[in-house]
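Chain residues, written in single-letter form:
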Amino acid sequence: MSWHPPLWKYIDDAGTPWRVRWAWPDKEPGEYLLEVATAGRPGVRGAHLGQGRFELLPEDDPYLPALRTERQRGEIISHWPYMRAIIRAEGCYIKIFRPGGAAVPAERCAQMDRLLDAGAFTAPKVLRSSPNTLVLSALSGPTLGEIGEDYVTIGEKDFDDAWEKWSRAWLAQLSAASDASRRTILGAMPVHSPEAEANAAARWLKRWLRHTENVPELSTQRHTLMAMADYVTANLLGSVPDPLVWAHGDLHDRQIIAGDDRSPFGLLDFDDAAQAEAARDLAYLDFHLERRLRRNSLTSGRYLKAHSEVLAVARQLQVSPDRFDAYSDARWLRLACSSLPSGSSLATRVLEERVRHRQSFGFTPLAASQSLGSRG
């Protein structure tokens, strides 16, 4: 088949240019769902790409019936077609799910209300919930991600101070979540095991392989990613896991609201909160920092400061370096299976660099080294 991967920009039938923000594989090979935006129009739209043809989707998503009424309340700032959407309204954010899909996120918010250390982090309050929607209060202040990309109003000392405060807050939060008084709440949360992480990476790879089958120009990358998947799995399952702790589940610097001297930091989005190794959250956060560095949206100096704080927290929590690397590699593998070729190529290069670096020190899991050798 002809390969038509998602591009960064498209023009619709009316001549309006649209910039692609996110892309996900659709049901059929070669077809993709997109989140797009255009200048002069607030919010985002869903779109479909099939064999290179770009088409905007209706604003009323048939799989998200609550969107029809809720979108009148504000601006759609996130939309994964047929799956979920987020609306920014006055003083709140409205999360839209498939029918019945809001139950688990609402439960996670209730658990976090009891697990968070109020002195370290605060979280949005649930203002309203239904089987299809979750309305959360807005938290004021910039995210750590926004601070990192602000070179006009944020000086280097302010940036350093923010990350040092985050490291203290994160240590306090994990200590509070493991307290005996909260142990029952933590124990009721789901467990995200190394096997679950490996299975998630395998699902991402399976979708990518399915959508790129019979594409000759990707044959080398296909072999590389299959070998990398073996390598990642061997790392995840080949060493002793660290103890389970409370985990945010999708930690990155745009989920962390920087508080001022008088208020705690804020945390957003607990849909994936679970019990997991501390390495997972920290490695995910570090992944996003390195990705920004490689995309030139974060200077090397700021990256090194934030990166050093993440590693310092890992040492304080006695995170095994092998476990940190294993979860970091797994997150890069997910990006390598991205529908957008630029992200996929970047992540594939990073994984190859890591394998070569570790091999130079004589460290390669046996199963991975056999796989990489056989696939060249």
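Since we're looking at a predicted model, the values are computed, not measured.

**Q** What should I look at first to understand the overall build of the protein in this one?
**A** Scanning the protein for helices and strands turns up twelve helices and 15 strands. Rg of the C-alpha trace for the protein: 21 Å, near the compact-globule value of 21 Å for 376 residues, within the 12% margin. Projected onto its principal axes, the C-alpha positions of the protein cover 60 × 60 × 45 Å. In the protein, which comprises 376 residues, the share counted as buried stands at 50%. Look at the contacts in the protein between residues 6 or more apart in sequence, and 66% of them connect residues 24 or more apart.

**Q** Looking at this structure, I do not really get the side chain of Asp253. What am I missing?
**A** Mapped onto the elements of the fold, Asp253 is located in the loop between strand E12 (244-247) and strand E13 (256-257). For Asp253, the residues in contact, after removing those within four places along its chain, are Thr143, Leu144, Gly145, Trp163, Leu285, His288, Leu289 and Arg292.

**Q** Teacher, can you tell me more about the nonpolar core here?
**A** A general trend in soluble globular proteins is that nonpolar side chains are found buried together. Formed by 69 residues in total, the largest nonpolar core has its most connected members in Phe121, Trp166, Trp170 and Trp246. Residues in contact with Trp170, not counting those within four places in the same chain, are Phe121, Trp246, His248, Leu251, Leu267, Asp281, Leu282, Val313 and Leu317. Grouped together as the second largest cluster of nonpolar side chains are 13 residues, Ala37, Leu64, Leu67 and Val135 included.

**Q** I keep staring at helix H11 (residues 341-360) and nothing clicks. Help me out?
**A** Along its 20 residues, H11 runs 29 Å from first to last C-alpha, staying within 8% of the 28 Å computed at 1.5 Å per residue. Along H11, the residues classified as buried are Gly343, Ser344, Leu346, Ala347, Thr348, Val350, Leu351, Arg354, Val355 and Arg358.

**Q** For this particular structure, what's the right way to read the confidence of the model for the protein?
**A** Close inspection of predicted coordinates is inappropriate for parts of the model with low pLDDT. On average, the protein scores 92 in pLDDT, and the residues at 70 or more come to 95%. Note on residues 366-376: pLDDT under 50 across the span, and 15 contacts to partners over four residues away in sequence or across chains.

**Q** Any chance you could explain the side chain of Asp281 here in plain terms?
**A** Within the secondary structure, Asp281 sits in helix H8 (residues 278-294). One buried charged side chain, Asp281, makes no salt bridge at all; its nearest oppositely charged neighbour is Arg280, positioned 5.1 Å away. Those residues in contact with Asp281 that sit more than four places away from it in its chain are Trp170, Trp246, Ala247, His248, Gly249, Asp250 and Leu251.

**Q** So what exactly am I meant to see when it comes to the sheet that holds E13 here?
**A** Backbone-to-backbone hydrogen bonds join strands into a sheet, with any given pair of strands oriented parallel or antiparallel. Reading across the sheet, the three strands line up as E9-E14-E13 and stay open at both edges, with mixed pairing between neighbours. Each end of this open sheet is capped by a strand with a single partner; those strands are strand E9 (121-122) and E13. Looking at chain direction, E9 and strand E14 (residues 265-267) are connected through two bridges and run parallel. Residue Thr122 lies in a different strand from E14, and its bridge partner there is Gly266.

**Q** Explanation requested: the sheet that holds strand E5 (residues 53-56) in the structure shown.
**A** The five strands lie next to each other as E1-E2-E3-E4-E5, forming an open sheet whose pairing is antiparallel. Single-partner strands in this sheet number two, and they are strand E1 (9-11) and E5. Ignoring which end each strand starts from, the neighbouring axes of this sheet average 40 degrees apart. Looking at chain direction, strand E3 (residues 31-37) and strand E4 (residues 45-50) are connected through six bridges and run antiparallel. Directly across from Glu35, in E4, lies its bridge partner Gly46.

**Q** Got a minute to help me understand the state of the cysteines in this structure?
**A** In the structure shown here, the tally under the stated rule is zero disulfides. Cysteine Cys92 remains unbridged, with the sulfur of Cys109 as its closest cysteine sulfur at 13 Å.

**Q** Explain helix H7 (residues 219-238) here, please?
**A** An α-helix turns once per 3.6 residues; consequently, residues spaced three or four apart project the same way. Between the first and last C-alpha of H7 there are 28 Å, a value that for 20 residues agrees with the 28 Å anticipated at 1.5 Å per step. Every buried residue of H7 is listed here: Gln221, Arg222, Thr224, Leu225, Ala227, Met228, Ala229, Tyr231, Val232, Ala234, Asn235 and Leu236.

**Q** Mind showing me how you'd approach the packing of H7 against H11 here?
**A** What describes two packed helices is the angle between their axes and the distance between those same axes. Orientation of H7 relative to H11, taken along the N-to-C sense of each, is 55 degrees, at an axis distance of 11 Å. Here H11 runs oblique to H7, going by the angle between their axes. Our pair here, H7 against H11, has a crossing hand that is left-handed. Only Ser344, Ser345, Thr348, Leu351, Glu352, Val355 and Arg358 of H11 make contact with H7, whose side of the interface consists of Gln221, Thr224, Leu225, Met228, Tyr231 and Asn235.

Basis of the calculations
- The numbering scheme is per chain: residues are counted from 1 as the chain's sequence reads.
- In keeping with the predicted nature of the model, local features appear solely for residues at pLDDT of at least 70, side-chain atom pairs appear and are counted solely at 80 or more, and the whole-chain, interface and lining totals rest on all residues.
- Side-chain metrics in this entry use all non-hydrogen atoms of the structure; hydrogen atoms and water are not considered.
- Secondary structure is summarised from DSSP: a helix means a run of H or I of at least four residues, a strand means a run of E of at least two, and numbering begins at the N terminus for each.
- Here the globule rule reads 2.2 Å times residues to the power 0.38, and the radius of gyration is calculated from C-alpha atoms.
- Three exposure classes are used, based on accessible area relative to the maximum for each residue type with a 1.4 Å probe and protein chains only: buried under 20%, partly exposed in between, and exposed over 50%.
- What makes two residues a contact is simply this: any of their non-hydrogen atoms within 4.5 Å.
- The term nonpolar core refers to a set of buried residues drawn from Ala, Val, Leu, Ile, Met, Phe, Trp, Tyr and Cys, joined through side-chain atoms within 4.5 Å.
- By definition here, a helix of n residues has an expected span of 1.5 Å times n minus one.
- One number per residue, pLDDT, summarises how confident the predictor is, and it ranges from 0 to 100.
- Think of it this way: Lys and Arg go in the positive column, Asp and Glu in the negative one, and His and the chain ends go nowhere.
- For salt bridges, the criterion is a side-chain nitrogen of Lys or Arg within 4 Å of an Asp or Glu carboxyl oxygen.
- For two strands to be treated as a pair, DSSP must find at least two bridges joining them.
- To define axes, lines are fitted to C-alpha atoms, for helices over the stretch in contact only, and angles between the resulting N-to-C directions are given on a 0 to 180 degree scale.
- Defined by distance alone, a disulfide is two cysteine sulfur atoms within 2.5 Å.
- Each angle receives one of four descriptions, namely roughly parallel if under 35 degrees, roughly antiparallel if over 145, roughly perpendicular if within 65 to 115, and oblique otherwise.
- For any pair of crossing helices, the crossing counts as left-handed if the nearer helix is rotated counterclockwise from the farther one by less than a right angle, and right-handed if it is rotated clockwise.

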